[in-house]
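Structure at a glance
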Amino acid sequence: MKFDGKIVLVTGSSRGIGAAIAKAFAGEGATIIVNYVQNANAAEEVVSACKTAGGDAMAIQADVTSGEQIKALVDQTLMDFAKIDVVVNNAFKPYTFDPDNRKQFWDLEWQDYQDQLDGALFSTYTMCQAVLPALKKRTQGSIINMASDLVARPTIPYHDYTTAKSALIGFSRNLAMELGPLGIRVNCVAPGLVYPTDASRKTKERVKEMIIAQTPMRRIASPEDITGPVMFLASDWSRFMTGQTLYVDGGLVMK
Amino acid sequence: MVLKAGYLPGIDDDAVEWQTLTYDRDGHAIEVSVPLLSNEQMQDLSERIKEASRQHLKSMTVSDITATIDAAIARLLDRNDTYRQQAEEYLPLITGYDAEMIRLGLTGYLKTFRQSELRRFIAEDFGNPKILDEFQPLPKGGYGKAYGPDLLAHIWAGNVPGIPLWSLISGLLVKAGNIGKVPSAEPLMASWFARIIAETDPMLGQCLAVVWWKGGDVDREQALLNQADLVVAYGNNDTLHQIRDRTPITTRCLTYSHKVSFGMVSKAALDTGKAWDVAHQVAYDIVRYDQQGCYSPHVFFVEQGGAVTPQEFAQYIANELDCFEEKFPRRTLTIEEASGVAAWRQSEEMKSFSEENASVMGDAGGAWSVAYSEAEEDLAPSGLNRTAKVIAVKQLDDVPARIAPYRAFLQTVGIAAAPEELHRLAEMLGAVGVTRISALEHMTAPEAGWHHDGRFNLLDLVTMTEVERSAETAAEAFSDYVD
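Predicted, not measured: the structure shown is a model, and the values here were computed from it.

1. Concerning the pairing of strand 7 (residues 177–181) of chain B
Residues and elements named next belong to chain B. Counting buried positions along strand 7 gives five out of five residues, so the element sits mostly inside the fold. A two-sided burial pattern is seen for strand 7, the buried positions comprising G177, I179 and K181 on one face and N178 and G180 on the other. Relative to strand 7, strand 6 (residues 151–155) is paired through five bridges, and the arrangement is parallel. Bridge pairing links H154 to G180 in strand 7. Following the backbone out of strand 6, through helix 6 (residues 164–173) and into the adjacent parallel strand 7, one traces a crossover that is right-handed. As defined by bridge partners, strand 7 adjoins strand 8 (residues 208–211) across four bridges and the pair is classed as parallel.

2. Focus on unusual backbone geometry
Excluding glycine, most residues fall at negative phi; most peptide bonds, likewise, are trans. A cis geometry characterises the amide bond from A:Y195 onward to A:P196, with omega recorded as 0°. Summarising the element assignment, A:P196 is placed in the loop between strand 6 (184–191) and helix 6 (205–214). Positive phi, close to 45°, is recorded for B:D290, a residue that is not glycine. Within the fold, B:D290 resides in the loop between helix 11 (275–287) and strand 12 (297–303). Despite not being glycine, B:D453 shows a phi value in the positive range, around 50°. The topology assignment puts B:D453 in the loop between strand 17 (436–439) and strand 18 (463–467). On the basis of neighbour counts, which here come to 18 C-beta atoms within 10 Å, the residue B:D453 falls in the partly exposed class.

3. Let's talk about the environment of A:S166
Residues and elements named next belong to chain A. Secondary-structure assignment places S166 in helix 5 (residues 159–179). Of the residues examined, S166 has 18 C-beta atoms within 10 Å and is grouped as partly exposed. When the C-alpha atoms of S166 and I84 are compared, they prove to be 26 Å apart, with 82 residues separating the residues in sequence.

4. Considering the pairing of strand 2 (residues 17–25) of chain B
All names here are of chain B. The pairing of strand 2 with strand 3 (residues 28–36) spans nine bridges and is antiparallel. Counted as the bridge partner of T22 is E31 from strand 3. Where strand 2 folds back on strand 3, the antiparallel hairpin that results is connected by two residues, among which D26 adopts a positive phi of roughly 55°.

5. Examining the domain arrangement of chain B
Many authors give the size of an interface as the accessible area that is lost as the parts come together. All names here are of chain B. The domain architecture assigned to chain B consists of domain 1 (2–258 + 451–467) and domain 2 (260–439). For domain 1 versus domain 2, the distance between C-alpha centres works out to 32 Å. Each partner contributes to the interface: domain 1 provides 16 residues, whereas domain 2 provides eleven residues. In terms of residue count, the dominant contributor to the side of domain 1 that touches domain 2 is helix 4 (residues 99–110) (three residues).

The rules we used
- Residues numbered from 1 in each chain as written.
- Chains lettered and ligands numbered in written order.
- Predicted model: local features only at pLDDT ≥ 70, side-chain atom pairs only at ≥ 80, totals over all residues.
- Buried ≥ 20, exposed ≤ 12 C-beta atoms within 10 Å, placed from the backbone.
- Helix = DSSP H or I, 4+ residues; strand = E, 2+ residues; numbered from the N terminus.
- Pairing = 2+ DSSP bridges.
- Right-handed = clockwise from strand over helix to strand, strands pointing away.
- Domains from an automatic or database assignment.
- Contact = placed C-beta atoms within 7 Å.

Given below as structure tokens:
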């Protein structure tokens, strides 16, 4: 299997896309750190699904907007497994994608942006700082940051969320530049609308049909659609790729 | 987890025998207990419902009744209501249909029973809805009033969630007392609806009941048939034949048998811009409730001569079905269903060996199949459960003559064509027995007030009492103001 013996840390993996990513890695033999913040039961279900799938897993609670908790998460992982091979920064500040009730620009306050920047950028920044010593020591590792295709095409202008994800892509490119010489790769995966997840459950059929009509592959992504490109970027198959963003949205965005 | 189906006003739960139905799809076992009445209990229930119908329902106005139904339906549309939440949680487990498909399907279906739609429904059949409330002047002279039966018996079939609500609501609208027999395949929705009606208007709740017996239990069926003033039954021809034979001669029996519906796509819809969109609509009609409805399409006649050929169009449909499998996965099939699909595929594959250009798309073990043919094939049912046949034709005008021999089985035709074609085809299709023509993507969602199998859903349920002109004139002679 492709990820036998690899330690993969996935933030926010008790549900949605994160859970699908965790299970997919486990299916290829990896050991997964299932990070969650609230739902311990859901995290344990993912852990047992990972084991059934042929991998190993452990759930660790940590709020990724807290520097201390991230450090504790990384410390515990290193204590148990001595290394980390792959980090998937998937967690984000809870955000409801509800096109009919979204805030318009003039309704937004700076704090809304700040919250999303904390959720996407601060958490990724902190996580990268925390794992870097371990990755540097082995001069290898793959960091994958979850962005959004809204960055390239804001079909619905979720200003605060999308701005933070845009910042995350810029952050990743700079980090790729910095870490390339150390043998550590940094890439992004930018999914389109993924349904169903808790965050997207309020997205109405009308909006989904509108997106489908403009998508060459003629459907909306499921959480499982996102796992392949993430694993590709985590594997040696992409060993000469860094600073890239893969759009996983059925061709809605082409660049 | 044991859920309770059935609704028996005035009968103590403890006095009834309950049986347990077990549903085990994909490892999520769920149990539903269903009431099995003795013949005496059925007779007692029937008399009770008839009495309540005479005493209470007959004195309600149609407006009162529609308001109560509207309030009940509003609860089933409200995603925070406990009944709605139960429906969303348990119907997928009972029927195996995808949860999203059921959620969206319920909303689309239930909103056709809001008050404004119910009024339209009544106006379709009764020019003057007040004729259900009081004697009204008739165009030919005299007065008339429409009466629903004291006891309308419904024998439902199938597993499409909520379908029993059609006839149950029809019964209430004409002020009939109702006893409905739910199928084992989906016993819950009618039961919940009856309970909500009772919670909304306890008196109206005395006028309907939901019962169960195992299909083929002739004794219990007979007990209800003997009491009914009118019977509405759904199912295959054999079942319906037996029910009709056992219904007392003085009781009317309305039957709705299995039908075959199909689609027609004009070359006008097959340009490079619109063809995909039409294929998407076609696939939706195939996917919705896995072709279990009488209005579900089995075959599509596709016209040659457009920018997109019928064969390419069939390939578009295949890809759309593949995409829908991600969105609304097909339910796990029973062994019988799976062998039905396999037999159909096999026969289509056999044809493709001898026929040029004929093909079968989709994996043998997959969740959908599309067969394609350019031969002069007739209308035949597909293997169900997301199997469909695309037949290329030189012109759509040739189709009505080809389907004419199947008059007894025809129901809905979904059409994508230009306006003048639509109306020309409608003339020809109506003449050979088609009773409903809809847009593609709407085949499985009839509009409020549609005429099921071309019949008058409400009018068929009532009898008219007429006061003829002669009686009025004669009465004049006996008035105290006569000169």
